[in-house]
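These are the residues of each chain, in order.
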Amino acid sequence: MSRRIGINYGQLGSDLPSPYQSIEYLKSMKAGMVKLYDANPETLKLLSGTDLHVSIMVKNEQLSSIASSEIMAENWVRENVLAYYPNTKIRFILVGNEIFTYNDQKMWLDLVPAMSLIEKSVAAHNIHNIKVGTPLAMDVMDSTFPPSSGKFSSRIPEKVMVSLLEFLNSTRSFFFIDAYTYYPWSLDPSNLDLDYALLKGGNLTYKDPVSGLIYTNLLDQMLDSIIFAMRKLGFPNIKLAIAETGWPNAGDIEQSGANVYNAATYNRNLIKKLTVDPPIGTPAKPGVVIPTFLFSLYDENQKFGPGTERHWGLLNPNGTPIYEVDLTGALSEQDYTNLPQPLNNKPYKGKIWCVVANSANIMDLGPALGMTCGQGNGICDELGPGKGCYEPVSVVNHASYAFSSYWAKFRDNGASCYFNGLAVQTTIDPSHGSCQYPSVSF
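Residues numbered from 1 in each chain as written. Predicted model: local features only at pLDDT ≥ 70, side-chain atom pairs only at ≥ 80, totals over all residues. Heavy atoms only, no water.

A. Spotlight on the pairing of strand S14 (residues 351–356). Of all the six residues making up S14, five are buried; the element is thus mostly covered by neighbouring parts of the structure. Alignment of S14 against strand S16 (residues 440–441), held across two bridges, turns out to be antiparallel. Within S16, the residue paired with Ile352 across the bridge is Val440. Sheet topology note: the S14/strand S15 (residues 423–426) ladder contains four bridges and is antiparallel. Within S15, the position partnered with Trp353 by the bridge is Thr426. (Buried < 20%, exposed > 50% of the residue type's maximum accessible area, 1.4 Å probe, protein only. Helix = DSSP H or I, 4+ residues; strand = E, 2+ residues; numbered from the N terminus. Pairing = 2+ DSSP bridges.)

Structure (structure tokens):
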């Protein structure tokens, strides 16, 4: 079984299968590894005796207390590692999650001390096959293009980054990165080729003007920018691991490229690339194995934010597959059933409204309407008696207007058309008579 490909377990969903069923899914999918976002006791017990290699996580809120106390670190290791190891094949302990994304400089300074104390405790118990690391997002970089210009973010003190790299280098651990080609492509779909982002190969290549290296896909560019950034700080030999990657299988109307066809294409091409023997590596690091975790096992249908946030899964929340994928890399494209052709690969042009979802519980709409209108800023002025949108007087109509008004006003500040699952986007204008619903234009 491949130890190169794993799956992120995922977190937020309603009616998810039991941990037992989830582990059975992982085994049936021939996953080599599974990454947890905690150290859940039930899941770790159920993983005992399986052939799955396991990554567990120290949560961000635990990081500073562990950094300040050798006893706290030892207790964490006893409770979350020794209680299950070696029957549960724990191979990675990830300390924190994307901590440089948060502007918490105390946590930044506590990161390496926490990692060091965890690693010290593990080693004290004569365990030498568990690597300690921390997953970082691509916002750790100031420059990624061309790859040779790779440079870590100037907002992160160099002493913090050097300290992290010294730890990874001395313990022969991995630099764990969350690398999604979807995000840079979706920000510039007119200039970034979709096939290049989907790892399709073909004739499209890019030559780095400084290094002279030839690139055939966007993921290699992103990974090599980190390699070059580490080299510039004096660390040329640290290995890479991909803590998260994938492609959304659905999203909001304006989130072009988020569809089942692209998600399946990306993940299948990624698996083919990573399971080849001998390993391919990247142009800057040819021939190396890159342990990789796909995000994620399930669609996380209770996650907040834009629609893509809820649609990275290989499986629906009820456990049924969203599309076929072979984690061993043995199947060719011809072995899969045909995928639905993508309909949203081009940017959407037009207006979008935000209205109550057909599946919304009417009992939840009243409180949501009150909270939305309570924001002020004229959001619900047109719902007052005698105003243009007062009639028809129904909680569904009023909530639809409030949701659309709020989303239109605050979308640029990060608001999404979600409202705890009560709202959906529509391209059909819900306006009626003198009532004009606010919309967002694209």
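B. Spotlight on helix H11 (residues 362–373). Compared with the 16 Å implied by 1.5 Å per residue over 12 residues, the 17 Å span of H11 between its first and last C-alpha is a close match. Within H11, burial applies to Leu365, Ala368, Leu369 and Thr372. Buried residues of H11, seen end-on, are gathered within an arc of 105° and therefore sit on one face of the element. More than 90 degrees from the buried face of H11, the exposed residues found are Met363, Pro367 and Met371. Those residues of H11 hidden inside the fold are in contact with S14 and helix H12 (395–410). (Expected span 1.5 Å × (residues − 1). Arc of directions from axis to C-beta. Contact = heavy atoms within 4.5 Å.)

C. View of the state of the cysteines. Summed over the entire model, instances satisfying the criterion amount to three disulfides. The side chain of Cys354 participates in a disulfide bridge whose partner is Cys417; the two sulfur atoms lie 2.1 Å from each other. Linking Cys354 and Cys417, the disulfide has an S-S dihedral of approximately 90° and is accordingly described as right-handed. You can see Cys354 sitting in strand S14 and its partner Cys417 sitting in the loop between H12 and S15, a full 63 residues away along the chain. In terms of burial, Cys354 and Cys417 fall into one category: buried. Residue pairing for Cys389: its cysteine sulfur links by disulfide to Cys435, the two sulfurs lying 1.9 Å apart. Across the S-S bond linking Cys389 and Cys435, the dihedral sits near 100°, which makes this disulfide right-handed. (Disulfide = S-S within 2.5 Å.)

D. How the structure looks around the layout of surface pockets. Taken as a whole, the largest pocket holds about 830 Å³ of empty space. Elements that contribute at least two residues to the lining of the largest pocket include exactly helix H3 (60–67), helix H7 (182–187) and helix H9 (218–232). For the lining of the largest pocket, the class distribution of residues is 18 nonpolar, six polar and eight charged. Around the second largest pocket, the lining is made up of 20 residues, and of these Ser186, Leu187, Gln255, Pro306 and Arg411 lie nearest the centre. Here the element with the most residues in the lining of the second largest pocket is H7; it accounts for four residues. Partitioning the lining of the second largest pocket into residue classes produces nine nonpolar, seven polar and four charged. (1 Å grid on protein atoms, 1.4 Å probe; cavity = no way out; pocket = protein on both sides within 12 Å on 5 of 7 lines; lining within 4 Å. Points joined across faces, edges and corners; volume = space filled by probe spheres on them. Nonpolar A, V, L, I, M, F, W, Y, C, P; charged D, E, K, R; others polar.)

E. Highlighting the nonpolar core. Grouped together as the largest cluster of nonpolar side chains are 111 residues, with contacts concentrated most on Ile56, Trp76, Ile93, Phe100, Ile118, Phe175 and Met230. Filtering out sequence-adjacent residues up to four positions away, Met230 remains in contact with Phe152, Leu165, Phe175, Phe235, Ile238 and Leu240. In terms of nonpolar packing, the next biggest core, distinct from the first, is built from 14 residues, Cys354, Ala360, Phe403 and Cys417 among them. (Core = buried A, V, L, I, M, F, W, Y, C linked by side-chain atoms within 4.5 Å.)

F. Geometry of the packing of helix H5 (residues 105–124) against helix H6 (residues 158–171). Between H5 and H6, the least distance of the axes is 9 Å, while the angle of their chain directions is 15°. Taken together, the axes of H5 and H6 lie roughly parallel to each other. Both H5 and H6 take part in a crossing whose hand is left-handed. Facing Trp108, Leu109, Leu111, Val112, Met115, Ser116 and Glu119 of H5, the residues of H6 in contact are Lys159, Val160, Ser163, Leu164, Phe167, Leu168 and Thr171. (Axes fitted to C-alpha atoms, helices over the stretch in contact; angles between N-to-C directions. Parallel < 35°, antiparallel > 145°, perpendicular 65-115°, else oblique. Left-handed = near helix turned anticlockwise from the far one by under 90°.)

G. View of empty space enclosed by the protein. Taken as a whole and judged by the stated rule, the model has one cavity of 30 Å³ or more. Volume-wise, the largest cavity comes out at about 70 Å³. Taken together, Arg4, Lys273, Leu274, Pro279, Ile280, Gly281, Val288, Val289 and Ile290 make up the full set of residues lining the largest cavity. Grouping the constituent residues of the lining of the largest cavity by class yields six nonpolar, one polar and two charged.

H. A look at the sheet that holds S16. Pairing within the open sheet is antiparallel, and its three strands lie in the order S15-S14-S16. Both outer strands of the open sheet, S15 and S16, are each paired with one neighbouring strand and no more. In this fold H12 packs onto S14, S15 and S16, with an angle of close to 140° to the strand it touches most, S14.

I. Here's a closer look at the packing of H11 against H12. Two elements in contact, H11 and H12, have axes whose closest approach is 9 Å; the angle formed by their N-to-C orientations is 40°. By the angle between their axes, H11 is oblique relative to H12. Classified by chirality, the crossing of H12 by H11 is left-handed. Along its contact with H11, which presents Ile362, Leu365, Gly366, Ala368, Leu369, Thr372 and Cys373, the element H12 presents Val395, Val396, His398, Ala399, Ala402, Phe403 and Tyr406. Residue composition of the contact of H11 with H12, grouped by class: 11 nonpolar, three polar and no charged.

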